[in-house]
Amino acid sequence: MNLTFPLFNIGPTGSAQQSSSFIKYRLPFDLRQFFEIRFRFIAHELGQRSALLMFMSASSSKTSNSLNSTENSSSDFISLLYSQRRVLLRLNLGQGERTLVSPIEANVTEQMVLFGRFHQTFWLLVVPAGSSTSSASASSLSSPPPPPPPPSSSPSLSPLVGRMPLHHRFLNVDPYLWVGGHEDWAAHPALAGGLVGFKGCIYDVELRASSKVANTSNSWTRLDETLVERVAGVQQCDFECT
């Protein structure tokens, strides 16, 4: 299957497919301390609500290791949502949830997104493709690992930055990234509350983190077919129709 420009949750005639479309990637990285993800997306419906772009979580039976404590870490998760012309980054390290919210420019079809975390600091940057800052954004989204992200000379390229409460500094999640939707919406409490699959295109997904093999965190890795654990209901994005 060609996953170069995946189209999620849209039927062959343009009708919505409820929560049936996703790509599940298996990530060969250590995500506990630091990672960043960058990608592009096109929303098929600008007004869609609580649509899941990306999600990672701990399984319900998982317990945290000595990096955090001996507490149960099943509440750990990170999710990226699209809802009514906004992008929401939600993070929980096991001691409470925090959210960053970034509006998007409704008159720009394609959006570029960068989000990540380092220990208790997390950040979100949304850049409209084709804008006057698009050339600068390319270098901004491929700079060395922030953490935390450095200030930008352009206000439009300054990320939103948040900090997690209390003392936990590590994200204990399973090594799977869900894109566009989820297989089981009851798998984690963070998937409750009316979340649905994203309707549109998500592509050019890249990630950098500490490699379990090389223990490096400086290079971006494109998520391609070799890392796909499972895929369902995905088609090809027709850019002429967006």
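Bear in mind the structure is a predicted one, so any value in this text is a computation, not a measurement.

A.B. asks: Pulling in residues and values, what's your account of the nonpolar core?
C.D. replies: Ile37, Phe39, Phe41, Met54, Leu80, Phe115 and Ile202 are the most contacted members of the largest nonpolar core, which has 43 residues in total. Take this core: its biggest share by element is seven residues, from strand β3 (residues 29-43). Those residues in contact with Phe41 that sit more than four places away from it in its chain are Leu53, Tyr82, Val87, Thr109, Glu110, Gln111, Val113, Phe198, Cys201, Ile202 and Tyr203. Leu81, Trp178, Ala190 and Leu195 belong to the second largest nonpolar core, which has 11 residues in total.

A.B. asks: Tell me about empty space enclosed by the protein, residues and numbers included.
C.D. replies: Considering all chains together, one arrives at one cavity of 30 Å³ or more under this definition. Estimated volume of the largest cavity: approximately 30 Å³. Along the walls of the largest cavity sit Met54, Phe55, Met56, Ile78, Ser79, Leu80, Phe115 and Leu177, which together make up its complete lining. Contributing elements (two or more residues each) for the lining of the largest cavity: β4 (51-57) and β5 (77-82). For the lining of the largest cavity, the class distribution of residues is seven nonpolar, one polar and no charged.

A.B. asks: Lay out the environment of Ile42 in plain terms, naming residues and giving numbers.
C.D. replies: Tracing the sequence through the fold places Ile42 in strand β3. Residue Ile42 is classed as buried on the basis of its relative accessible area, which comes to 4%. Each C-alpha atom, one on Ile42 and one on Leu7, is 9.3 Å from the other, the two residues being 35 residues apart in sequence.

A.B. asks: Talk me through unusual backbone geometry; I want residue IDs and the actual numbers.
C.D. replies: The phi dihedral of Ser50 falls on the positive side, at around 50°, and the residue is not glycine. Within the secondary structure, Ser50 sits in the loop between β3 and β4. Ser50 gets classed as partly exposed once you look at its relative accessible area, which sits at 22%. Of note in this structure, Gln84 is not a glycine but carries a positive phi near 50°. One can find Gln84 in the loop between β5 and β6 (86-92). Relative accessible area serves as the criterion here: at 38%, Gln84 is assigned to the partly exposed category.

About the criteria used
- Residues numbered from 1 in each chain as written.
- Predicted model: local features only at pLDDT ≥ 70, side-chain atom pairs only at ≥ 80, totals over all residues.
- Heavy atoms only, no water.
- Core = buried A, V, L, I, M, F, W, Y, C linked by side-chain atoms within 4.5 Å.
- Buried < 20%, exposed > 50% of the residue type's maximum accessible area, 1.4 Å probe, protein only.
- Helix = DSSP H or I, 4+ residues; strand = E, 2+ residues; numbered from the N terminus.
- Contact = heavy atoms within 4.5 Å.
- 1 Å grid on protein atoms, 1.4 Å probe; cavity = no way out; pocket = protein on both sides within 12 Å on 5 of 7 lines; lining within 4 Å.
- Points joined across faces, edges and corners; volume = space filled by probe spheres on them.
- Nonpolar A, V, L, I, M, F, W, Y, C, P; charged D, E, K, R; others polar.

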